[in-house]
Structures are given as structure tokens and as C-alpha cells.
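# Structure assessment
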Amino acid sequence: MKVIGGSASRKLSKNIAKELGCDYVEAEVKTFPDGEKYVRIPEKVENEVVVVVQTTYPNENLIEMLLLLDSARRWGAKRIIGVIPYFSYARQDKIFKEGEAVSAEILAKIFSMHMDFFATVDIHNPEILRWMNIPAENVYATEPLSEYLNRYNIDVVISPDKGSVERGRRVAEKLGAEWDYLEKKRIDGMNVEIKPRKLDVEGKRVAIVDDIISTGGTIVESSKQLKAQGAEFVVAGCVHGVFAANAIERMVPYVKDVFCSDTIEREQSKYSVAKPIALTIQRWL
Ligand code: R5P
């Protein structure tokens, strides 16, 4: 078995290979002058089980993943396990307004045509995997995320919207902390409104836990409420650090720490999802 690392997920791929005790092969990736991608798996993987790892954000990494899968198939790999640590376009998982495309569905269907098994991490909505007609698993980052949070002796874990309540509850359970949630209304791409809600956070150490931090709007508005209600401090943790535009600068005045996993490799990647991914792969071997 070999783990092939795409350019968006090299560190994580190496760590997955380490966890699995197998070879890591770095994909050759070039960009042509017009922006198009060239991809090559430089080692023979004929009749091998290959694990192709590549986050699909931003867009060019999505194309790279498709090319990597094609290269693995052309080598004659015995089985292709596709791992997309951060599955982009997952938030459009239904039609909100007539005439829209459902990006999560079309991508799930395309990927499943080019792999035999699929794993992703904390996908925005696990129901998306139903569109893939192959064994597909949503791996949870709960364990390593909670391990990182241990250093803060957190009293309360807050989910910034109802959709992430389950994640917050699981993390709180691991930490032996309380948990609660806020209710969010999105105004536009950059701004959200958090409904005022009385929370028991006076003098407490609080962690906001979400799947994605994109513009940071959700964290900023949630932290404002938590601070106004007397929280001792607030830290903000997520699985996927998209950090669009000036998200970090926006959040810094309100939180003691902002951190994410290595599904998107960032300066703020403070914990790794290599272990839970490797455990899932091992079950398929
Ligand atoms: C939305 O449903 C997600 O779970 C996140 O809460 C959202 O993507 C965060 O976005 P932003 O950082 O732009 O507020």
C-alpha cells in the first residue's frame, strides 16, 4: 500500500503513511503558464492499494484531486482509497433558491466514479455521502481536537449554531465540560447575526467549536456575546481553517486562540487528523 500526497495535503499524507506504516509517494504537480495543472504519480503503483490524499480547496486543488485519481487508475492500482480531508463545496447541499446547482451532490457523484472507497473529515453534512455509491465514511476530528483543547481547562463548549450541536456535545463529553449552543442567522457571505440567548458562562473558560471558520464572522459575533455575558476567556477551534480574506485579523481581538486541524494546512493547524483517518483506512484493508 502507498499513500499519495497531493500538493494541498503533503504533511497530512506523510503522517497518514506513518500511522499506516506504509510508503509515502509525493505527487509531481506543476502549473502551466495558463494556470492549468499537470499531475504525475512518479512511482509504479500497479496492483497496489493506493490512498490518494488531497484537500479540494481552493478550486485548483479540486482539479488536482481528479487528475491524481486518474493517474492512479491508469497505473493499474488494485484499489483506490480517496481521502479528501476538507470536502469543499459541501455547504451547498440542497437547493435554497430555485435554479441553483447542488455543488455537494455533483462533486460527490463525480468523485465516487473514480475511487473504490472514500473518507473525508467532519463534512458539513454527512448525508452528502449518500450520493456516493461506494463505501464512504465521515471521519470525526473529535479526539485530536479535544486533546488540543485539554490545555485550556475548558468549562463550557459552545456550538455557534444548531447544526454543530452534536460536534460541541462530543467535544464537551471528552473534556468533561458543559455544553450549550447559540442560534445563528446568516445575513450575507461576510456577516452573521447571533440571536441573544442567556448562557451560563460567567467567569468560565469557553471554547467555541465549529466545523469551518471561513470569514470569522460566526466566531466574532459569538465571542462578543460570550464576553458580554462574563466569560473569562474564549478560544475558537474548528476542523477546517478556511480563513477567507482577513478572518484571522477579525477574530484576534475577541479570542485567546484560534486553531484548526491539518485538513487545510495552515499556520493555525495545531492538531492532526492523521490518526482517525488511518484508523478508518485500516478497517477497509
Ligand atoms: C456554517 O454552517 C458552518 O458550520 C460555519 O459556521 C460557517 O461556515 C462559518 O463561516 P464564517 O466563519 O464565515 O462565519
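Residues numbered from 1 in each chain as written. Predicted model: local features only at pLDDT ≥ 70, side-chain atom pairs only at ≥ 80, totals over all residues. Heavy atoms only, no water.

Turning our attention to the domain arrangement of the protein chain. Looking at the protein chain, the domain boundaries give domain 1 (2–140 + 272–284) and domain 2 (142–262). For domain 1 versus domain 2, the separation of C-alpha centres amounts to 28 Å. On the side of domain 2, 12 residues touch domain 1, which itself brings 12 residues to the contact. The junction of domain 1 with domain 2 conceals about 1,200 Å² of combined surface from both sides, 54% of it contributed by carbon and sulfur atoms. Taken as a group, Tyr86, Asp122 and Tyr140 account for 42% of the area that domain 1 buries against domain 2, more than any other trio of residues on that side. In this structure, the connection of domain 1 to domain 2 is made through seven residue pairs in polar contact (both at pLDDT 80 or more). (Domains from an automatic or database assignment. Contact = heavy atoms within 4.5 Å. Buried area = accessible area lost by both parts, 1.4 Å probe. Polar contact = N/O pair within 3.5 Å; in protein donor to acceptor, adjacent residues only side chain to side chain.)

Scanning all chains against the criterion turns up 24 salt bridges. Taking the shortest distance from any N to any O, the salt bridge between Arg167 and Asp122 comes out at 2.8 Å. You can see Arg167 sitting in helix α5 (residues 165–175) and its partner Asp122 sitting in the loop between β7 (117–121) and β8 (136–139), a full 45 residues away along the chain. Residue Arg167 shares its accessibility class with Asp122, and that shared class is buried. Here Lys162 and Glu183 are joined by a salt bridge, their closest N and O atoms 3.9 Å apart. With Lys162 in the loop between β9 (156–159) and α5 and Glu183 in the loop between β10 (178–181) and β11 (184–186), this residue pair connects regions lying 21 residues apart in the sequence. Judged by relative accessible area, Lys162 falls into the exposed class, the value being 51%. Glu183 gets classed as partly exposed once you look at its relative accessible area, which sits at 24%. (Salt bridge = Lys/Arg side-chain N within 4 Å of Asp/Glu carboxyl O. Helix = DSSP H or I, 4+ residues; strand = E, 2+ residues; numbered from the N terminus. Buried < 20%, exposed > 50% of the residue type's maximum accessible area, 1.4 Å probe, protein only.)

To continue, consider the site of the ligand. Taken together, 14 residues form the shell around the ligand, and within it Lys184, Asp210, Asp211, Thr215 and Thr218 come nearest. Side-chain polar atom of Arg186 to an oxygen atom of the ligand: 3.2 Å apart, as the coordinates give it. Between the ligand and Asp211, the relevant distance is 2.5 Å, taken from an oxygen atom to a side-chain nitrogen or oxygen of the residue. For the ligand, the protein covers 90% of the area, taking 370 Å² as the surface of the free molecule. Mapped by element, the contributors of at least two residues to the shell around the ligand are β11, β13 (205–213) and α6 (217–228). Take the shell around the ligand: its biggest share by element is four residues, from β13. (Near = heavy atom within 4 Å. Areas by Shrake-Rupley, 256 points an atom, 1.4 Å probe, with all protein chains shown as cover.)

Quick look at the sheet that holds β9 now. Pairing within the open sheet is parallel, and its six strands lie in the order β10-β9-β13-β14-β15-β16. Sheet topology places β10 and β16 (269–271) at the edges, where each strand pairs with a single neighbour. In this sheet, adjacent strand axes meet at a mean angle of 35° when their direction is disregarded. Relative to β10, β9 is paired through four bridges, and the arrangement is parallel. Paired with Val157 across the two strands is Trp179, which belongs to β10. (Pairing = 2+ DSSP bridges. Axes fitted to C-alpha atoms, helices over the stretch in contact; angles between N-to-C directions.)

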